[in-house]
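Here is how the chains run, residue by residue.
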Amino acid sequence: MLCFSSNIALLSNPNPNPFFASRRRVLVVPCAIDPNAITPSPTPELENHPLSRRQNQLLILDPDSQTKPRTNSHGGQETEEDLVKKKVIEEVSLATRRIPRFPGAIDRPDTQRLGPPPDLRRVLSGNDRTLKQALEVRRGVAAETLKFAFRAGKLSIRYSDNLVSKLPVFVDRVVIGAAAMKENPELAHLSFNARAKKYIQDSGVVALVKWLKHNSMTYPQIGKLLCMSSGDLEPVRELVEWLKSIYVKGMCLGGVVTKAGPIWERNLEELEEIVNFLEKKRVRKEWIGYVVSRCPQLLGMTMDELKIRVRFYLDMGMSENDFGTMVFDYPRALGYYSIEEMHSKVNYLKEFGLTTEDVGRLLAFKPQLMACSIEERWKPLVKYLYYLGIRRDGMRRMLLVKPVIFCVNMETMIAPKVRFLQDIGIKEEAIGGVLVKFPALLTYSLYKKIRPVVIFLMTKAGVTKEDIGKVIALDPPLVGCSITKKLDVNVKYFLSLGIRLRPLGEMIADFPMLLRYNLDILRPKYIYLRRTMVRPLRDLIEFPRFFSYSLEGRIIPRHKILVLNRINFKLRYMLASTDEDFNRRVREAVERRQRFESGTKDDDFCCDTPDDAETTGGIPVSP
């Protein structure tokens, strides 16, 4: 007989917690146990001894196991004491050692018992929740290790957390790289944390991030850049250095490297070839950085595709100098849109009656037209202009004079201005003519430019509410004049001449261009009118168009003719007629004067006199 005192002491341990029992190693020899030798009395502690989860599971699966009578190995029924002994022995035999813990380990039901290992094919299944959970744990460990590396590189906690959240692909690379290091015998003994830390140090990502941040790149751009690059980060530094050499500014570096397309698949020699080709086409070297910043897609093109796009513009008669300027003004016109889309827009512009050369000059002046959609922008605008009475010739003029009209939004930029013109009294049939005469009106701000000019004319220049529509319709460019530098200066000048506000408003309604002349042109004409011609101010009020005629080319020569012939006309008859009509009127006036001086009676004398001319001594004079 073996001595089971130690076993009996274990079985009779008053501590009901099975965890402490599981920490002891117990040798159980069923064949050597004498049932009569072990006769512990049932105690409350032993009766209430908690059972393992596995035993609970057995009880749940077989709830009648407590009530069914059991037989022992000798064929007799088992007593209650035998059942208690078996339960205790089974509980002790199921106790296992504590499973070691390590980063990335997870709890599985199969690891809580001794027995054959679980089916690896089921564990390694792609859809297995356990494998995904383990992978997420490793990713979390790699992310935390990366955060600590950034903080050790003197990045703040907020920036480190923000940057790591932008680097999911790089975190996966850390996981893969750390797992691959385990195949190295020198690193196989290291934990996953140590291998992940070594991979991050060897990659040089911390120093690269600090260098990119020093070059004005944002953390989202840095994260996208590191995710786009391969495992080797050295090409990233080389590419950024090359972009800086072609004058790409720091604030634009991130946008260029993240939007340039398959730029990582090309070497620096191919990129240099693209830059040299653009320089040959009159895109200056100091412009290249700006062009690439505005359209990074140029660096992702092949040379054949780039040559096709350049030839597209040069074949329209555009010179290389104009081409270089166009690319600088709007680089996306060259590298952003597809060739098919570019051809369709050029063909649509030709429908307005433009030739290929006209379209080339138009695109050289306003390449932003390539950014406009035919269906969403141009066709609705053409329908609206046709509704206003503007035909194809008018649209053609608007396109050539102010092509930006075909680039603005019709509902927010054009329609409100048309409604304003209608509100101030311009007739609907005349609005089309106003827009054709001065297309730039549609590009001005309604509340900062157009309305202030109208208010100024009505309050400071004496234009009545009934005449304001007429003034704008006769001279739409008046809306484009500066109030402080042009309109207010001219109004004050005319008021300083002695013209009152109401007559000045009538003069402007008759000849709105009066407010657009420079004072250098107005002063000499007024001085000549008052001092040399000795005309009253009333003549100027009746005929404000006097300021529109050339002083040296028309006013002085015709005034000399009138003085030599000793005759006088009103300013309207003196200046508003052609040379033939003026000479004919001079001859008729001279004949009337000669007949009057000779004393010849002429019954038709009064009939030959101009209707609005008064005679003094037979000579038509101005009142």
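In the block above lies the structure referred to throughout.
Residues numbered from 1 in each chain as written. Predicted model: local features only at pLDDT ≥ 70, side-chain atom pairs only at ≥ 80, totals over all residues. Heavy atoms only, no water.

Observations concerning the overall build of the protein chain
1) Next: Of regular secondary structure, the protein chain possesses 35 helices and 2 strands.
2) Next: Considering the protein chain as a whole, with its 623 residues, one finds that 39% of them fall into the buried category.
3) Next: Sequence-distant contacts in the protein chain: of pairs separated by 6 or more residues, those separated by 24 or more amount to 69%.
4) Next: In the form shown here, the protein chain has an accessible surface area of approximately 35900 Å², with 53% of it arising from carbon and sulfur atoms. (Helix = DSSP H or I, 4+ residues; strand = E, 2+ residues; numbered from the N terminus. Buried < 20%, exposed > 50% of the residue type's maximum accessible area, 1.4 Å probe, protein only. Contact = heavy atoms within 4.5 Å. Areas by Shrake-Rupley, 256 points an atom, 1.4 Å probe, with all protein chains shown as cover.)

Focus on helix α17 (residues 303-314)
1) Next: Its 12 residues place the ends of α17 16 Å apart at the C-alpha level, agreeing with the 16 Å of an ideal helix rising 1.5 Å per residue.
2) Next: Every buried residue of α17 is accounted for by Met303, Leu306, Arg309, Val310, Phe312 and Tyr313.
3) Next: For α17, the secondary structure elements touched by its buried residues are α15 (268-280), α18 (320-329), α19 (332-335), α20 (339-350) and α21 (356-365). (Expected span 1.5 Å × (residues − 1).)

Looking at the nonpolar core
1) Next: Counting residues in hydrophobic clusters, the biggest one holds 169 residues, and the most contacted among them are Val205, Leu243, Tyr313, Leu457 and Phe494.
2) Next: Non-local contacts of Phe494, meaning those with residues more than four positions away in its chain, are made with Ile499, Leu504, Leu514, Leu515, Leu522 and Phe547. (Core = buried A, V, L, I, M, F, W, Y, C linked by side-chain atoms within 4.5 Å.)

A closer look at helix α16 (residues 285-294)
1) Next: Taken as a whole, α16 has its buried residues at Trp287, Ile288, Gly289, Val291 and Val292.
2) Next: Residues of α16 that are buried sit in contact with α14 (250-259), α15 and α18.

Some points on the packing of aromatic side chains
1) Next: A full pass over the atoms with the stated rule returns 15 aromatic pairs.
2) Next: When the centroid spacing of 5.7 Å and the interplanar angle of 75° are considered together, the rings of Phe546 and Phe547 count as edge-to-face. The same class applies to Phe546 as to Phe547, namely buried.
3) Next: By way of ring pairs, the aromatic residues Tyr348, Phe352, Trp378 and Phe406 are connected into one cluster.
4) Next: It is Lys345 that lies over the ring of Tyr337; its NZ or CZ is 4.7 Å from the centre.
5) Next: Between Arg558 and the ring centre of Phe582, over which it is positioned, the NZ or CZ distance is 4.7 Å. (Phe/Tyr/Trp six-rings, centres within 6.5 Å; stacked < 30°, edge-to-face > 60°. Lys NZ or Arg CZ within 6 Å of the ring centre and 35° of its normal.)

Notes on the pattern of salt bridges
1) Next: One pass over the structure, following the stated rule, counts 14 salt bridges.
2) Next: Between Arg535 and Asp539 there is a salt bridge, with its nearest N and O atoms 3.5 Å apart. (Salt bridge = Lys/Arg side-chain N within 4 Å of Asp/Glu carboxyl O.)

Here we look at the environment of Thr218
1) Next: Assignment of secondary structure puts Thr218 in the loop between α11 (205-214) and α12 (219-228).
2) Next: Taking the C-alpha atoms as reference points, Thr218 and Leu163, 55 residues apart in sequence, are found 9.5 Å from one another.

What is shown is where atoms sit, not what they do.
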